[in-house]
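A structural walkthrough
Below, each chain spelled out in residue letters.
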Amino acid sequence: MNKKFKECLLEVYHSEQTGEMIFEYLLKYAQNKEERYIYGSMLQFETEAKAVMRPLLRKLDLPLGEEIVSRERGIEIGLSLKEVPFKELMKDVEKSIENHYLPLYEELESLADEEEAEECSVSKFMGDHERALLLTAQNFILDKNDSIKPITSMLRFPL
């Protein structure tokens, strides 16, 4: 087993925990029904991604629990964004994904052992997950119709 893959997988898992807390806090401060739906869907998206990762984490004997530091970071970020206008917030989400998260998720894809089907499947899903979140933010910035569709089309349990 590739040690670097395991480390990256765990970092991605912790990133999902951070994202979950960010969207949970944004949901608390949503200004209207539409924002509640958007942030709620984004929260659901992060939660479902964690669930997708857990069987592989268990197989690799990695921790399944929540990391306090990741959650606290998410709370801090969520609280710092609570008064940011929606479109500006989507620009922040876009930059954050482009500059930090997407490269990490794509690294995970590149580290997956091609002979390990579960590694490849989870890694591809997580890359697709992050690209969908990025596309959703970009859609909102451009005021596209059904901007949230990249996320909602991937949800197993849409709101």
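Residues numbered from 1 in each chain as written. Predicted model: local features only at pLDDT ≥ 70, side-chain atom pairs only at ≥ 80, totals over all residues. Heavy atoms only, no water.

**Overview of the nonpolar core**
Note the following rule: Nonpolar cores were defined as sets of buried Ala, Val, Leu, Ile, Met, Phe, Trp, Tyr and Cys residues, with membership established by side-chain atoms within 4.5 Å. Three exposure classes are used, based on accessible area relative to the maximum for each residue type with a 1.4 Å probe and protein chains only: buried under 20%, partly exposed in between, and exposed over 50%. Counting from the N terminus, the helices are DSSP H or I runs at least four residues long and the strands are E runs at least two residues long. Contacts are residue-level and defined by heavy atoms, with any inter-residue pair within 4.5 Å sufficient.
If you look at the biggest cluster of nonpolar residues, it comprises 25 residues, and the most contacted ones within it are F23, Y39, M42 and M90. Of all the secondary-structure elements, those providing two or more residues to this core are helix 1 (3-28), helix 2 (33-59), helix 4 (86-111) and helix 5 (117-141). Residues contacting M42, with those up to four places away along its chain left out, are F23, M90, L133, T136 and I151.

**A look at helix 3 (residues 68-81)**
This is how it is decided: Helix span, as expected, comes to 1.5 Å for every residue beyond the first.
With 14 residues, helix 3 should reach 20 Å at 1.5 Å per residue; the first-to-last C-alpha distance of 20 Å fits that figure. For helix 3, the secondary structure elements touched by its buried residues are helix 1 and helix 4.

**Let's talk about the pattern of salt bridges**
Between side chains of opposite charge, pairing is possible as soon as their charged atoms come close. Inclusion rule: Any Lys or Arg side-chain nitrogen located within 4 Å of an Asp or Glu carboxyl oxygen qualifies as a salt bridge.
Within the structure shown, the criterion is met by 14 salt bridges. Here E118 and K59 are joined by a salt bridge, their closest N and O atoms 3.5 Å apart. In this pair, E118 is assigned in helix 5 and K59 in helix 2, connecting sequence segments 59 residues apart. Where R71 meets E66, a salt bridge forms, and the shortest distance between an N and an O atom there is 3.0 Å.

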